Amino acid sequence: MSEQPTPHQPVPSAPAQASAPAQPAAPDRQPPEADRPILVTGATGKSGRRVVARLRARGLPVRAAARHGEFPFDWSDRTTWDAALAGVRAVYVVQLDGTKLVRPFVERAVAHGVGRLVLASGRGIDDPNYAQDSAGVLDGILDSEAAVRESGVAWTISRPGWFAQNFSEGFFADAVRTGELRLPGGDGAASFVDADDIAAVVAAALTEDGHAGQTYELSGPAALTLHEVVATISEAAGRTVRYTPLTVDAYVAELVAQGLPPADAEAFAHVIAPLRNGTDAYLSDGVQRALGRPPRSFTEFAKTTAAAGGWSV
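Here goes a summary of the coordinates provided. (Residues numbered from 1 in each chain as written. Predicted model: local features only at pLDDT ≥ 70, side-chain atom pairs only at ≥ 80, totals over all residues. Heavy atoms only, no water.)

1. Overview of the environment of D187
Argument step 1. Considering the arrangement of structural elements, one finds D187 in the loop between strand 7 (180–183) and strand 8 (189–190).
Argument step 2. A relative accessible area of 62% means that D187 is categorised as exposed.
Argument step 3. Separated by 38 residues in sequence, D187 and T225 place their C-alpha atoms 6.0 Å apart.
Argument step 4. In contact with D187, other than residues within four places in its own chain, are T225 and H227. (Helix = DSSP H or I, 4+ residues; strand = E, 2+ residues; numbered from the N terminus. Buried < 20%, exposed > 50% of the residue type's maximum accessible area, 1.4 Å probe, protein only. Contact = heavy atoms within 4.5 Å.)

What follows is the structure, given as structure tokens:
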């Protein structure tokens, strides 16, 4: 799925979709495989930009695509799809949550001669009790996974849990910098995964043998409560960050007071439910299976982030 705050993030309604242009003619000849670029959609997001950096560090040609990135690509504007797909050998698909656009995109990718697809999905989609899907994200994710599996080309699915970077680059980052994280998370725990591990798995799946037909569920090596999270960040950052548990009603009221529409505030509260209920505390072996090493710990993430000034105020 797309760059989270969480695996089932609330999103606005999808814009109206333009009609699809005619299917591209199959190219008579493709350049050598090594010269064909790898398309990374969502290239400005948490995992996407890390995938781009890893591939370019290896000297591989990359087409970094996003609405406001190096190469223009907009899920809601199908006229941007062909130019993004032309001549590429593999695609990292970071979908637009709440839509079913991956299936027609995959069809066009195959028509362009793409031979490998790696889909960003999310943990918990097989569990009907994982979270209340008030934003209608789940149906789109399930359809996206089915689309890549049915594509007829090599595919891999990445299913990360909660990103550790939610505490440094978005969603929770501002609260951490102010010194207080106020959430309806109770004493539940989650096995936060480092986005660098996600990117490493995706880069391997895009470029190496042995990953076709694999679904990698990705987590960190241990589950942490939010109390443990802020204690770890506090130690790494050298200053105190507190966690204040809220009731769901109090959290919704605070978001509404900050200007969020009530429906969106309630959707965000539903997103926190897997933390509160501990349904994302389980550990997954995807990083070990894909990379042959254990995942990075939250402590490693916190130390690296603090050293880079990630929580400077």
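Back to the write-up after that little detour.
2. Observations regarding the pairing of strand 2 (residues 62–66)
Argument step 1. Taking burial as the measure, the five residues of strand 2 include five buried ones, the bulk of the element.
Argument step 2. Neither face of strand 2 is open: one carries V62, A64 and A66, the other R63 and A65, and all of them are buried.
Argument step 3. Across three bridges, the pairing between strand 1 (residues 38–40) and strand 2 is parallel. Residue pairing in the sheet places L39 in a bridge with R63 of strand 2.
Argument step 4. Tracing the backbone out of strand 1, into helix 1 (residues 46–57) and back to the parallel element strand 2 gives a crossover that is right-handed.
Argument step 5. Summarising the sheet, strand 2 and strand 3 (residues 71–72) pair through two bridges and their orientation is parallel. Across the sheet, the residue bridging to A66 is P72, located in strand 3. (Pairing = 2+ DSSP bridges. Right-handed = clockwise from strand over helix to strand, strands pointing away.)

3. What to know about the pattern of salt bridges
Argument step 1. Within this structure, the stated rule accounts for 19 salt bridges.
Argument step 2. Across the pair E169 and R49 runs a salt bridge, and its minimum N-O distance is 2.5 Å. Here the residue E169 occupies a position in the loop between strand 6 (154–160) and helix 5 (173–178), and R49 occupies one in helix 1, the gap between them amounting to 120 residues.
Argument step 3. Using a relative accessible area of 30% as the deciding quantity, one classes E169 as partly exposed. (Salt bridge = Lys/Arg side-chain N within 4 Å of Asp/Glu carboxyl O.)

4. Some words on the side chain of R89
Argument step 1. If you trace the backbone, R89 turns up in the loop between helix 2 (81–85) and strand 4 (90–94).
Argument step 2. When near neighbours in sequence (up to four residues on either side) are disregarded, R89 contacts E33, A34, R36, P37, I38, L60, P61, V114, G115 and R116.

5. What about the packing of aromatic side chains?
Argument step 1. Applying the stated criterion to the full structure yields 15 aromatic pairs.
Argument step 2. Taking 5.6 Å as the distance between ring centres and 70° as the angle between the ring planes, the aromatic pair formed by F73 and F105 counts as edge-to-face. Residue F73 is located in the loop between strand 3 and helix 2, and its partner F105 is located in helix 3 (residues 102–111); the two are separated by 32 residues in the primary sequence. Per residue, the accessibility class of F73 equals that of F105, and both read buried.
Argument step 3. Cluster of aromatic residues (ring-pair linked, three or more members): W162, F167, F171, F172, F192, F268, F298, F301 and W311.
Argument step 4. Just above the ring of Y282 sits the side chain of R123; from NZ or CZ to the centre is 3.8 Å. (Phe/Tyr/Trp six-rings, centres within 6.5 Å; stacked < 30°, edge-to-face > 60°. Lys NZ or Arg CZ within 6 Å of the ring centre and 35° of its normal.)

6. Focus: the side chain of Q95
Argument step 1. Here Q95 is to be found in the loop between strand 4 and helix 3.
Argument step 2. Within the structure, the side chain of Q95 is placed 2.8 Å from the backbone oxygen of A120, a separation counted as a polar contact.
Argument step 3. A polar contact is formed between the side chain of Q95 and the side chain of S144, at a distance of 2.6 Å. (Polar contact = N/O pair within 3.5 Å; in protein donor to acceptor, adjacent residues only side chain to side chain.)

7. So, helix 8 (residues 248–257)
Within an α-helix, residues lying three or four positions from one another point in the same direction, as the helix has 3.6 residues per turn.
Argument step 1. For helix 8, the set of buried residues is Y251, V252 and L255. Viewed end-on, helix 8 has its buried residues packed into an arc of 95°, placing them on one side of the element. Those residues of helix 8 that are exposed and angled more than 90 degrees off the buried face are D249 and A257.
Argument step 2. Those residues of helix 8 that are buried lie in contact with strand 7 and helix 9 (262–277).
Argument step 3. G259 sits one or two positions beyond helix 8 and adopts a positive phi of about 110°. (Arc of directions from axis to C-beta.)

8. Some details on the environment of Y282
Argument step 1. Tracing the chain through its elements places Y282 in the loop between helix 9 and helix 10 (286–291).
Argument step 2. With 60 residues separating them along the chain, Y282 and A222 place their C-alpha atoms 8.3 Å apart.
Argument step 3. Apart from the residues lying within four places of it in its own chain, the contact partners of Y282 are R123, G124, S191, E217 and S219.

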